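What the coordinates show
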Amino acid sequence: MGFFWADAAPPRPIAPHPLPTQGNLEPPPGCPMHKSTTTTPHPPPNQPPSASSSASACPYTPPPPSSAETTATPSYISKLNPLNYMPSSIANTREASHQTISLPLERETSTIPRGDGPGTWEYPSPQQMYNAMLRKGYTDTPAEHVESMVAVHNFLNEGAWEEIREWERRFGKGLGRGWEICKHGEEGAARLAALESLRRERSGAGTVDDEPKLLRFMGRPNDTTPKARMLGFMAWLYPSEFPDNPPFDRHDWYVQRQQGKEVRYVIDYYSGPPEPTGEPVFYLDVRPAIDGPTAAVERALRWGGDVWWRASGGSVREEMARRERHGAR
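These numbers come from a predicted model, not from an experiment. For every chain, the first residue of its written sequence is number 1, and the numbers climb from 1 along that sequence. Two thresholds apply to this predicted model, a pLDDT of at least 70 for residue-level local features and 80 or more for giving and counting side-chain atom pairs, whereas whole-chain, interface and lining totals are computed over all residues. Each side-chain value is worked out from all heavy atoms of the structure, with water and hydrogens disregarded.

Thoughts on the packing of aromatic side chains
Whether two aromatic rings pair depends on their centres lying within 6.5 Å, for rings of Phe, Tyr and Trp, where Trp uses its six-membered ring; planes under 30 degrees apart make the pair stacked, over 60 edge-to-face, and the rest tilted. Throughout the structure, instances matching the rule amount to five aromatic pairs. For the pair Phe233 and Trp236, a centre-to-centre distance of 5.8 Å together with 35° between the ring planes defines the contact as tilted. Placement of the pair is Phe233 and Trp236 together in helix H6 (residues 226-237), with a separation of three residues, close to one helical turn. Look at Phe233 and you get partly exposed, because its relative accessible area is 44%. As a reminder, the over-ring test applies to NZ of lysine and CZ of arginine, requiring each to be within 6 Å of the ring centre and within 35 degrees of the ring normal. Stacked on the ring of Trp121, the Lys or Arg Arg114 has its end atom at 4.0 Å from the ring centre. Taking NZ or CZ as reference, Arg216 lies 4.2 Å from the ring centre of Tyr254, over its face. Helix and strand definitions follow DSSP, with helices as H or I runs of at least four residues and strands as E runs of at least two, each counted in order from the N terminus. A 1.4 Å probe rolled over the protein chains alone gives each residue an accessible area, and that area as a share of the maximum for its type sets the label: buried under 20%, exposed over 50%, partly exposed in between.

Let's talk about the pairing of strand E6 (residues 249-256)
For E6, a buried count of seven out of eight residues is recorded, marking the element as mostly surrounded by other parts of the structure. In this scheme, strands are said to pair when DSSP sees at least two bridges between them. Of the strand pairs in this sheet, strand E5 (residues 213-219) and E6 are connected by six bridges, and their pairing is antiparallel. Bridged to Met218 within E6 is Asp252. Examined bridge by bridge, E6 and strand E7 (residues 262-272) share eight bridges and lie antiparallel to one another. Considered in E7, the bridge of Asp252 is made with Val266. Linkage of E6 to E7, two consecutive antiparallel strands, is achieved through a turn of five residues, within which Gly260 is found at a positive phi near 90°.

A closer look at the layout of surface pockets
Rolled over the atoms, a probe as big as a water molecule pinpoints where empty space is left. Put simply, the second largest pocket is a space of about 530 Å³. Using protein atoms alone on a 1 Å grid, points that fit a 1.4 Å probe yet trap it form a cavity, whereas open point sets bounded by protein on both sides within 12 Å along at least five of seven lines form a pocket; residues with an atom within 4 Å of a point count as lining. The wall of the second largest pocket is formed by 18 residues, among which Arg165, Arg169, Glu196, Arg200 and Glu211 lie closest to the centre. Elements with a contribution of two residues or more to the lining of the second largest pocket: helix H3 (146-171) and helix H5 (185-203). Among the elements that make up the lining of the second largest pocket, the one with the highest residue count is H3 (six residues). Classes in brief: Ala, Val, Leu, Ile, Met, Phe, Trp, Tyr, Cys and Pro nonpolar; Asp, Glu, Lys and Arg charged; the others, Gly included, polar. When the residues that make up the lining of the second largest pocket are grouped by side-chain class, the tally is two nonpolar, two polar and 14 charged. Grid points are joined across faces, edges and corners, and a volume is the space filled by probe spheres set on the points.

Re the nonpolar core
As used here, the term nonpolar core means buried Ala, Val, Leu, Ile, Met, Phe, Trp, Tyr and Cys residues forming a set that is joined through side-chain atoms within 4.5 Å. Counting 20 residues, the largest nonpolar core has Ile112, Trp161, Ile164, Leu214, Trp253, Tyr265 and Ile267 as its most contacted members. Elements represented by at least two residues in this core include exactly H3, E5, E6 and E7. If you tally residues by element for this core, the top one is H3, at six residues. Should any heavy atoms of two residues lie within 4.5 Å, those residues are considered in contact. Residue contacts for Tyr265: discarding those within four places in its chain leaves Ile164, Trp167, Glu168, His251, Asp252, Trp253, Val255, Arg257, Val286, Arg287, Pro288 and Ala289. Counting residues in hydrophobic clusters, the runner-up holds nine residues, among them Ala96, Met129, Tyr130 and Ala143.

Here's the deal with the environment of Gly260
Here Gly260 is to be found in the loop between E6 and E7. A relative accessible area of 42% means that Gly260 is categorised as partly exposed. Separated by 145 residues in the primary sequence, Gly260 and Gly115 place their C-alpha atoms 9.9 Å from one another.

Some remarks on the sheet that holds E5
A sheet is described by the order of its strands in space; here four strands give the open sequence E5-E6-E7-E8, paired in antiparallel fashion. This sheet does not close on itself; its edge strands, each paired only once, are E5 and strand E8 (281-288). Adjacent strand axes in the sheet meet at a mean angle of 25° when their direction is disregarded. Every angle, taken between N-to-C directions, lies between 0 and 180 degrees, and every axis is a line fitted to C-alpha atoms, over only the stretch in contact when it is a helix. Relative to the sheet, H3 contacts E5, E6, E7 and E8, its axis offset from that of E8 by approximately 35°.

Points about the confidence of the model for the protein
Low-confidence regions, as indicated by low pLDDT, have predicted coordinates that should not be scrutinised in detail. pLDDT expresses, on a scale from 0 to 100, how confident the predictor is about each individual residue. Here the protein shows a mean pLDDT of 78. Residues at 70 or above account for 71%. Note on residues 2-42: pLDDT under 50 across the span, and 62 contacts to partners over four residues away in sequence or across chains. This stretch, residues 51-61, has a pLDDT under 50; its non-local contacts, to residues over four places away or in other chains, come to ten contacts.

Some thoughts on the environment of Thr109
Along the chain, the position of Thr109 falls in strand E3 (residues 109-113). Along the sequence, Thr109 and Pro124 sit 15 residues apart, while their C-alpha atoms lie 9.1 Å from each other. Contacts of Thr109, omitting those with residues within four sequence positions, involve Thr120, Trp121 and Glu122.

Listed below in structure tokens is the structure:
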């Protein structure tokens, strides 16, 4: 999951975290404004500056640029697209001489709306994925496996977006609405979501503008989340209760809510035991990052609502109410 969408002609957004500029510069210590003097404050007119003047003299004449400064090249980070932290342009043609098979060039369109403009994000083609892997140093990847990797990559990202949509459906309009959904537990929330979707389809209400949008994203496979570290500690402490299965990847997705608020989501990718047929199994842990008290309350409401629903026998009460309604008919 270390690779993501590659834009053929990406926009040029403002960098999300510009470097701070130094605003406390002081004049050189040799400047006359640092000392009182009774001499003429300005040099005689048409007097050329002395060649032996020190660098601390005022006015300061900067030295000519060195050859190292004139030949400096931009850093690798400056060449990355700030929306996905991937190279701004990934070729969709065969680049490596050792590539022995032809890979498809078609790109699949995702269902994830873009936050920086109209339309949806596009997944990389198998050829772009292979070129990106070579750039990152994964030169031992067989080219014939790349198509399967792209299919898994796209499938997992679609699943991650569905999880984010569920979080946004609950809390996109505030904590009060979120609790009204969460207090019915995960099973009850799923039924409410199905009924809501059915009503929207029948009434024709709701547009794409009501949906959250993905602004940007970045892969952070080497940065373990606090939750993953805690689960790893529990696996060490209680190996029989918690499996020792650290996530194989991590992503941070920045999502724009309906009201325009930006929310960061954290995604941990886990692999599970394969199916009897040999198919791989993956698990996603998607949740809003605790960048403030609101995100912490959202996570507590969803977890606590499900615990309360099951502990208080909510499913039993709902089943009895359903039977009473059918009996009354």
